[in-house]
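Residues per chain are reported as follows:
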Amino acid sequence: MLNEWLLRASEPVIVIIDLMALLIIVMGTAISFVAALKLFFAGVFHPEARGARGYIKGHARRLLWMDYGRWLVAALTFQLAADIVESAIAPTWEAIGQLGAIAVIRTFLNYFLERDMEEVREREEARLASDVASLPDSRETAP
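Just so it is clear, the structure is predicted and the values come from calculations on it, not from any experiment. As a convention, each chain's residues are numbered from 1 in the sequence order in which they are written. Residue-level local features of this predicted model are given only where pLDDT is at least 70; pairs of side-chain atoms are given and counted only at 80 or more, and the full residue set underlies all totals for whole chains, interfaces and linings. By convention in this description, side-chain values take in all heavy atoms of the structure and omit both hydrogens and water.

Trainee: Pulling in residues and values, what's your account of the overall build of the protein?
Mentor: Scanning the protein from terminus to terminus reveals four helices and zero strands. Every one of the 143 residues in the protein was classed for burial, and the buried ones make up 20%. We call two residues in contact when some of their heavy atoms are within 4.5 Å. Excluding contacts between residues fewer than 6 apart, the proportion of contacts in the protein whose partners are at least 24 apart in sequence is 71%. Only the protein chains shown count as cover for residues, with accessible areas throughout obtained via the Shrake-Rupley method and a probe of 1.4 Å. Surface exposure of the protein reaches about 10,500 Å², of which carbon and sulfur atoms provide 69%. Only DSSP runs of H or I covering at least 4 residues are called helices, and only runs of E covering at least 2 are called strands; the numbering of each starts at the N terminus. Type-normalised accessible area, obtained with a 1.4 Å probe on protein chains alone, sets the label of each residue: buried when under 20%, exposed when over 50%, and partly exposed for intermediate values.

If you want it as structure tokens, here you go:
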């Protein structure tokens with residue numbers, strides 16, 4: 001009886017959590033799409049914003065990619081939570097195995113996405129540090 005109640009109670013919870021993940025993906029994609037269009041048109045109307053190969057310079061693209069990655073990581077986290085709830089009440093070993101495989105795949109996607117985002121963050125910090133280091137020292141230019 002308790003098991004049946006848990007099964008009935010968890011089904012709408014799983015759907016709600018999956019819906020949250022879907023909303024996060026849709027919002028993140030829409031926001032990133034608009035930002036990408038702004039970058040594209042900024043490059044069209046301001047050619048100096050483009051690099052040697054004609055693409056928008058790396059800093060703006062990396063920031064856009066990192067923001068979109070954050071949205072996707074958040075959505076993957078919600079989807080993983082839905083999988084955990086579902087696997088807690090799964091009736092068969094086969095269903096648990098399938099959910100486990102999905103959870104592993106999502107966890108790996110999440111891990112590699114976060115690792116890539118961390119690499120970009122480190123590159124940005126190093127670039128900013130080198131930009132600051134290349135500025136003239138105010139003590140050297142003072143009379």
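Trainee: So what's going on with the packing of aromatic side chains? Which residues, and what values?
Mentor: Ring geometry is summarised as follows: Phe, Tyr and Trp rings, the Trp one being its six-membered ring, pair when their centres sit within 6.5 Å, and such pairs are stacked at plane angles under 30 degrees, edge-to-face over 60 and tilted between the two. Counted under the stated rule, the structure contains two aromatic pairs. Measuring from ring centre to ring centre gives 6.3 Å for F108 and F112, while their planes differ by 20°; the resulting arrangement is stacked. Of the two residues, F108 and F112 both sit in helix α3 (residues 93–134), four residues apart, roughly one turn of that helix. Taking the relative accessible area as the measure of exposure, F108 reaches 48% and is therefore partly exposed. Taking the centre distance of 5.1 Å and the plane angle of 75° together, the rings of Y111 and F112 count as edge-to-face.

Trainee: Can you lay out the packing of helix α2 (residues 58–88) against α3 for me, pointing to particular residues and giving the numbers?
Mentor: The axes used here are C-alpha line fits, helices contributing only the stretch in contact, and every angle between their N-to-C directions lies in the interval 0 to 180 degrees. The interhelical angle for the contact between α2 and α3, taken along N-to-C directions, is 155°, at an axis separation of 9 Å. Put simply, α2 runs roughly antiparallel to α3. Regarding α2 and α3, the two cross each other, and that crossing is left-handed. Charged residues are taken to be Asp, Glu, Lys and Arg, nonpolar residues to be Ala, Val, Leu, Ile, Met, Phe, Trp, Tyr, Cys and Pro, and polar residues to be all remaining types, Gly included. Classifying every residue of the contact of α2 with α3 by side-chain character gives 14 nonpolar, seven polar and 11 charged. Convention used here: angles under 35 degrees read as roughly parallel, angles over 145 as roughly antiparallel, angles from 65 to 115 as roughly perpendicular, and any remaining angle as oblique. Handedness of a helix crossing follows the sense of rotation of the near helix relative to the far helix, less than a right angle counterclockwise being left-handed and clockwise being right-handed.

Trainee: An account of a nonpolar patch on the surface is needed here, citing residue identities and associated values.
Mentor: Patch members must show over 30% relative accessible area and no salt bridge, and they are joined within 9 Å when carrying like charges or within 5 Å when they are nonpolar side chains of Val, Leu, Ile, Met, Phe, Trp or Tyr. Definition used for salt bridges: Asp or Glu carboxyl oxygen within 4 Å of a side-chain nitrogen of Lys or Arg. A contiguous nonpolar patch, built from L19, L22, L23, V26, M27 and I31 and spanning about 550 Å² of accessible area, is present on the exposed surface. With respect to the helices and strands, the residue M27 is situated in helix α1 (residues 2–45).

Trainee: Please provide a residue-by-residue account of the pattern of salt bridges, values included.
Mentor: This model, assessed by the stated rule, comprises four salt bridges. For R8, the salt bridge goes to E4, with nearest N and O atoms at 2.9 Å. Of the two residues, R8 and E4 are both situated in helix α1; the distance of four residues between them amounts to about one turn of the helix. Taking relative accessible area as the criterion, R8 reaches 59% and is therefore assigned exposed. Between R70 and D67 there is a salt bridge, with its nearest N and O atoms 2.7 Å apart. With R70 and D67 both in helix α2, this residue pair falls three residues apart, about one helical turn. Here R70 falls in the partly exposed class, since its relative accessible area comes to 39%. The class of D67 is partly exposed, set by a relative accessible area of 38%. In the salt-bridge network here, residues are joined through shared partners; they are R115, D116 and E119.

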